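# Summary of the model geometry
Here's the letter readout for the chains.
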Amino acid sequence: MSEIMPTDVKRSTWFNPETQPVIAVDSLPSLAKEALQEDFIREAFKAMPLGQVDPHFQGQFVENFTAAPTAIPAAVYLGLQQRETGMSMLFTRRSAQLLHHAGQISFPGGRIDPEDQSVQAAALRETHEEVGIDPDYLEPLGQQPIFLSSSSFAMCPVVGMIHPGYRMVPSPAEVSEVFEVPLSALLDPSQHTLHQVQVNGVNYRQYFAIRWQQHFIWGATAVIVRNFYHYLHAAHQRLA
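Cut-off values and rules
- Residues numbered from 1 in each chain as written.
- Predicted model: local features only at pLDDT ≥ 70, side-chain atom pairs only at ≥ 80, totals over all residues.
- Heavy atoms only, no water.
- Salt bridge = Lys/Arg side-chain N within 4 Å of Asp/Glu carboxyl O.
- Helix = DSSP H or I, 4+ residues; strand = E, 2+ residues; numbered from the N terminus.
- Buried < 20%, exposed > 50% of the residue type's maximum accessible area, 1.4 Å probe, protein only.
- Expected span 1.5 Å × (residues − 1).
- Contact = heavy atoms within 4.5 Å.

## Notes on the pattern of salt bridges
Counted by the stated rule, this structure contains ten salt bridges. Linking Arg 211 and Glu 18 is a salt bridge whose minimum nitrogen-to-oxygen distance equals 2.8 Å. Here Arg 211, found in strand β12 (residues 202-212), pairs with Glu 18, found in the loop between α1 (7-10) and β1 (22-23); they are 193 residues apart in sequence, far enough to count as distant. Take Arg 211: its relative accessible area is 42%, and that puts it in the partly exposed class. Among the ionic pairs, Glu 139 bridges to Arg 42, the shortest N-O distance being 2.7 Å. Residue Glu 139 is located in strand β7 (residues 138-143), and its partner Arg 42 is located in helix α2 (residues 38-47); the two are separated by 97 residues in the primary sequence. The class for Glu 139 is partly exposed, based on a relative accessible area of 25%. In this structure Arg 42 comes out as partly exposed when scored by relative accessible area, which is 23%. Shared partners join several salt bridges into a network, and the residues in it are Asp 113, Asp 116, Arg 125, Glu 126 and Glu 129.

## A few points about helix α3 (residues 119-131)
Here α3 spans 18 Å end to end across 13 residues, near enough to the 18 Å set by a 1.5 Å rise per residue. Taken together, the buried positions of α3 are Val 119, Ala 122, Ala 123, Leu 124, Arg 125, Glu 126, Thr 127, Glu 130 and Val 131. Buried-residue contacts for α3 involve β3 (72-83), β4 (86-94), β6 (109-111), β7, β9 (153-162) and β10 (175-182). Just beyond α3, the residue with positive phi is Gly 132, at close to 85°.

## Brief notes about unusual backbone geometry
A negative phi angle characterises most non-glycine residues, just as the trans form characterises most peptide bonds. Backbone geometry at Gln 213 places phi at a positive 50°, although glycine is not the residue there. Mapped onto the elements, Gln 213 comes out in the loop between β12 and β13 (215-218).

Shown next as structure tokens:
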């Protein structure tokens, strides 16, 4: 669910998110190293249940699902893993056959079913269905602000741990690739670029993007990542 383009742009064969013009944004400070550690992230969610949103897209976030009654409630899982070199976050590339956001980089997730007991339960179920990680290895820590996508989803990000020992079995119907990005690279604001889309010569929509190796993370997924940067930065200022 990484796309935030309107339908006419989304379906245009000419549109390439990697080649749209980059526009200037104010520089932001780097995160302190301790803010990227598991212990700090756990403490942050105990002290700050929710965070602020990026000012460029503040109009696309709501406090709860009832504030967007026509949107489809959905949950995505921002899975953190402790590696020898530091923390990393899990991403998927969506199957080219999917109706929404085909071929794009996203988090595991999807719509919340009536049978789901909570947003977090939906995020765990969807992660299991998409990449095969058993919920026993997933530990939600907290949630981030709900994002409204142009495809009529209200996406609630659930941040949590992925513990060692899991078996990953991606669903080929939904996922074409699974990969990790080091948190130190992902949450480096100097690597976040803001792009401007033009339609018929008119500035139409903006989106953030993050490039890591051969991967281009953009749209809703990049905005959610950037919000997580803002969250950890604010938490470190409060708790340090």
